[in-house]
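Here is how the chains run, residue by residue.
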Amino acid sequence: PTLACPQCKSEQLDLLDILQAELFVSYCKKKEFDPQVAAVEHLVGFVEEHLSILAVKPSILYSGKDVTPVGVQVVLKAAKSARVFVAFMDSAYIKNSNCLAEFSAAVKMSRHIIPVLLPGYFSTSSNWWPADTKYKSTNGVNMVAPFSVLENFQPITLEIDSNTTSADQYEWELVQAVCCGL
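Predicted model only: the values in this text are computed from it and were never measured. (Residues numbered from 1 in each chain as written. Predicted model: local features only at pLDDT ≥ 70, side-chain atom pairs only at ≥ 80, totals over all residues. Heavy atoms only, no water.)

Enquirer: Mind showing me how you'd approach the nonpolar core here?
Expert: The tendency in soluble globular proteins is for nonpolar side chains to be buried side by side. Membership of the largest hydrophobic core comes to 31 residues, with the highest contact counts inside it found for Phe24, Phe85, Met89, Tyr93, Phe103, Phe147 and Leu150. If you list the elements that add at least two residues to this core, you get helix 4 (69–81), strand 5 (84–89), helix 5 (97–108) and strand 6 (112–117). Top contributing element to this core by residue count: helix 5, with 7 residues. Counting residues in hydrophobic clusters, the runner-up holds 24 residues, among them Ile53, Val86, Tyr170 and Val175. (Core = buried A, V, L, I, M, F, W, Y, C linked by side-chain atoms within 4.5 Å. Buried < 20%, exposed > 50% of the residue type's maximum accessible area, 1.4 Å probe, protein only. Helix = DSSP H or I, 4+ residues; strand = E, 2+ residues; numbered from the N terminus.)

Spelled out as structure tokens, the structure:
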């Protein structure tokens, strides 16, 4: 079975490929151009190319207000099935219910998590990781994103200039972190 890409409307995404991807990339994509998102997408492309693996990016399956129940379910299944989960975290990430649901799904399945801290990220706790965060699932159930599990993982901190999309100095660090999780 395939799924039409909501961005280009023509590209077909094979659901079996999505659910067999080894890497799941979670980040909060904004509607307008954002240099951080461009840097994240560049980094993910570099990892895919150099490790010859498929990375699932939820923004391909849903974008902003175009979230459908089917898209959410596919994304959550992909987050649960991928061996490595990369969370690109900024202040928007820890407030976005889709990101929180993706993170919770990966934790539930005990996936290897690579936290990447983007510029603008600040912790809501006394540690580098955010406090556990309450959110409502798509079916209205109260849930908690258990960020406290991140104490077991070492973060990568990205420092990206707001005038550029370059994150080149972090490419190999992310490749190495993903390799350790595979």
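Enquirer: Explanation requested: helix 6 (residues 171–181) in the structure shown.
Expert: Given 3.6 residues per helical turn, the α-helix brings residues three or four places apart onto the same face. For helix 6, the complete set of buried residues consists of Glu171, Leu174, Val175, Ala177, Val178 and Gly181. The arc that holds every buried residue of helix 6, seen down its axis, measures 165°, which confines them to one face. Turned more than 90 degrees from where helix 6 packs its buried face, Trp172, Gln176 and Cys180 sit exposed. Contact partners of the buried residues in helix 6: strand 3 (23–27), helix 2 (35–51), strand 5, strand 6 and strand 9 (156–157). (Arc of directions from axis to C-beta. Contact = heavy atoms within 4.5 Å.)

Enquirer: Quick question: what am I supposed to make of the sheet that holds strand 6 here?
Expert: Strand pairing in a sheet relies on backbone hydrogen bonds. The paired strands run either parallel or antiparallel. On the basis of which strands lie adjacent, the open sheet formed by 5 strands has the order 4-3-5-6-9 and parallel pairing. Across the chains shown, the open sheet's two edge strands, defined by having one partner strand only, are strand 4 (55–56) and strand 9. In the sheet, strand 6 pairs with strand 9 via 2 bridges, with the strands oriented parallel. Its bridge partner lying in strand 9, Val116 is registered against Ile156. (Pairing = 2+ DSSP bridges.)

Enquirer: Quick question: what am I supposed to make of the pattern of salt bridges here?
Expert: Where charged atoms from two side chains of opposite charge approach closely, those side chains can pair. For the coordinates displayed, the defined rule picks out 1 salt bridge. Arg83 serves as the salt-bridge partner of Glu22, at 3.2 Å between the closest nitrogen and oxygen. Here Arg83 lies in the loop between helix 4 and strand 5 and Glu22 lies in the loop between helix 1 (15–19) and strand 3, a separation of 61 residues in the sequence. Judged by its relative accessible area of 26%, Glu22 is partly exposed. (Salt bridge = Lys/Arg side-chain N within 4 Å of Asp/Glu carboxyl O.)

Enquirer: Just to check I follow, could you spell out helix 5 for this structure?
Expert: With 12 residues, helix 5 ought to run about 16 Å at 1.5 Å a step, and its terminal C-alpha atoms sit 16 Å apart, in line with that. Among the 12 residues in helix 5, 10 count as buried, and that is most of the element. Buried residues of helix 5: Asn98, Cys99, Leu100, Ala101, Glu102, Phe103, Ser104, Ala105, Ala106 and Val107, and no others. Measuring from the side-chain oxygen of the N-cap residue of helix 5 to the backbone nitrogen of Asn98 gives 2.9 Å; that N-cap residue is Asn96. Two residues or fewer after helix 5 comes Ser110, characterised by a positive phi angle close to 55°. (Expected span 1.5 Å × (residues − 1). Polar contact = N/O pair within 3.5 Å; in protein donor to acceptor, adjacent residues only side chain to side chain.)

Enquirer: Can you help me understand the pairing of strand 6 in this one?
Expert: On a regular strand, one side chain projects to one face of the sheet and the next to the other, so that they alternate. Across the 6 residues of strand 6, 5 count as buried, placing the element largely inside the fold. Across 6 bridges, the pairing between strand 5 and strand 6 is parallel. Paired with Met89 across the strands is Leu117, a residue of strand 6.

Enquirer: Even after reading the chapter, I still don't get the packing of aromatic side chains, so can you show me in this structure?
Expert: For any pair of aromatic rings, the description consists of the separation of the ring centres together with the inter-plane angle of the planes. For the coordinates displayed, the defined rule picks out 5 aromatic pairs. With 5.4 Å between their ring centres and 5° between their planes, Phe24 and Phe85 make a pair best called stacked. Of this pair, Phe24 sits in strand 3 while Phe85 sits in strand 5, placing them 61 residues apart in sequence. The exposure classification of Phe24 matches that of Phe85, with both residues buried. These aromatic residues form a ring-pair network of at least three members: Phe24, Phe85, Phe103 and Phe147. (Phe/Tyr/Trp six-rings, centres within 6.5 Å; stacked < 30°, edge-to-face > 60°.)

Everything listed here is a matter of geometry and, on its own, says nothing about what the molecule does.
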